[in-house]
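Listed below, chain by chain, are the residues.
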Amino acid sequence: MAVCIAVIAKENYPLYIRSVPTQNELKFHYTVHTSLDVVEEKISAVGKSLGDQRELYLGLLYPTEDYKVYGYVTNSKVKFVIVVDSSNTSLRDNEIRSMFRKLHNSFTDVMCNPFHNPGDSIQSKAFDGIVSGMMVQTG
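The residue count restarts for each chain, going from 1 along the sequence in the order it is written. Totals for whole chains, interfaces and linings use all residues, but because this is a predicted model, local features are given only for residues with pLDDT of at least 70 and pairs of side-chain atoms are given and counted only at 80 or more. Water and hydrogen atoms were dropped before computing side-chain values, which therefore reflect all heavy atoms in the structure.

Colleague: Is there a simple way to think about the packing of helix α2 (residues 93-111) against helix α3 (residues 125-134) in this case?
Modeller: Geometry of a packed helix pair, given as the angle between the helix axes and the separation of the axes. Relative orientation of the contacting elements α2 and α3 amounts to 170°, with a least axis distance of 9 Å. Compared by their axis directions, α2 and α3 come out roughly antiparallel. Each of Met99, Lys102, Leu103, Ser106, Phe107 and Val110 in α2 lies in contact with α3, whose residues at this interface are Ala126, Phe127, Ile130, Val131 and Met134. In this analysis an axis means a line fitted to C-alpha atoms, helices contributing only their contacting stretch, and an angle means the value between N-to-C directions, from 0 to 180 degrees. Helix numbering and strand numbering both begin at the N terminus, where a helix is a DSSP run of H or I of at least 4 residues and a strand a DSSP run of E of at least 2. Put simply, angles under 35 degrees are roughly parallel, angles over 145 are roughly antiparallel, angles from 65 to 115 are roughly perpendicular, and the rest are oblique. By the convention used here, residues are in contact when the closest approach between their heavy atoms is within 4.5 Å.

The following block contains the structure:
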């Protein structure tokens, strides 16, 4: 399961970042923001080759010694980043895709809330619940 989940706005500022364990939070912020360069590269490369028909799931952005970073971009250019522990070899690509799909559906529900201002950070109990279900359970 995920050790960090982030939602990044079109303008590349964080709408939501949650990590487990919390003492590594700054490290995960750095990891997520460095992955944005790879996301931008993949978006521009796919955009040139296919026009408007592009896959939302970007796949593995880059592996580090400790983590694997996966990316997903919505049609409105909102980016989702999931960081997974490298020691978790049982996690398959289709499971990562389904995690992004659940995250996207929950994000859509948040955006459809008439009391949510687009561009504000996400403060939704339902969204938190979905993210908590995807996170590594410690202890």
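Colleague: What is the right way to read the packing of aromatic side chains from this model?
Modeller: The description of an aromatic ring pair rests on the distance of the ring centres and on the angle between the ring planes. Only rings of Phe, Tyr and Trp enter the pairing, Trp through its six-membered ring, and a pair is recorded when the two centres are within 6.5 Å. The plane angle decides the type: under 30 degrees is stacked, over 60 is edge-to-face, the rest tilted. Counted by the stated rule, this structure contains six aromatic pairs. Consider the rings of Phe28 and Tyr67, whose centres lie 5.1 Å apart with planes at 65°: the pair is edge-to-face. Of this pair, Phe28 sits in helix α1 (residues 25-50) while Tyr67 sits in strand β4 (residues 67-73), placing them 39 residues apart in sequence. The pair formed by Phe28 and Tyr67 is uniform in burial state, with each residue classed as buried. Aromatic rings pair up to connect Tyr57, Tyr72, Phe80, Phe100 and Phe107 into one cluster. Buried residues are those whose accessible area, probed at 1.4 Å on protein chains only, stays under 20% of the maximum for their type, while exposed residues exceed 50% and partly exposed ones sit between those limits.

Colleague: What should I look at first to understand unusual backbone geometry in this one?
Modeller: What is expected of a backbone is that most residues other than glycine have negative phi and most peptide bonds are trans. For the bond running from Val20 to Pro21, omega is -5°, close enough to zero to count as cis. Position of Pro21 relative to the elements: it lies in the loop between β2 (14-19) and α1. One non-glycine residue with positive phi stands out, namely Asn12, at about 70°.

Colleague: Please explain the sheet that holds β2 as it appears in this structure.
Modeller: Hydrogen bonding along the main chain pairs the strands of a sheet, whether they run parallel or antiparallel. Whether two strands pair depends on DSSP finding at least two bridges between them. Spatial ordering of the open sheet is given by β2-β1-β5-β4-β3, a layout of five strands whose pairing is antiparallel. With one partner strand each, in any of the chains shown, β2 and β3 (57-63) form the two edges of the open sheet. Ignoring which end each strand starts from, the neighbouring axes of this sheet average 15° apart. The sheet contact formed by β4 and strand β5 (residues 79-85) spans seven bridges and is antiparallel. Residue pairing for β5: Tyr70 is matched across the bridge by Ile82. The sheet strands contacting α2 are β1 (2-8), β2, β3, β4 and β5, and the helix crosses β5 at an angle near 140°. Packing of α3 onto the sheet brings it into contact with β1 and β2, and relative to β2 it is tilted by some 40°.

Colleague: Even after reading the chapter, I still don't get the pairing of β5, so can you show me in this structure?
Modeller: For a regular strand, side-chain orientation follows a simple rule: the groups alternate between the two sheet faces. Within β5, six of the seven residues are buried, which leaves it mostly tucked inside the rest of the structure. Sheet analysis places β1 next to β5, joined by six bridges and oriented antiparallel. Note that in β5 the partner of Ala6 across the bridge is Val81. The loop that links β4 with its antiparallel partner β5 comprises five residues; one of these, Lys77, has a positive phi angle of about 70°.

Colleague: Looking at this model, I keep getting lost on the nonpolar core. Mind explaining?
Modeller: Here is a general trend for soluble globular proteins: nonpolar side chains tend to be buried in one another's company. Within this scheme, the nonpolar core is defined by two criteria: the residues are buried Ala, Val, Leu, Ile, Met, Phe, Trp, Tyr or Cys, and they are joined through side-chain atoms within 4.5 Å. With 26 residues, the main nonpolar core has Val7 and Phe127 as its most contacted residues. Ignoring sequence-local partners within four residues, the contact set of Val7 consists of Tyr13, Pro14, Leu15, Tyr16, Val78, Lys79, Phe80, Phe107, Ile122 and Phe127. Formed by 19 residues, the second largest nonpolar core is a distinct cluster that contains Leu36, Val39, Leu61 and Val81.

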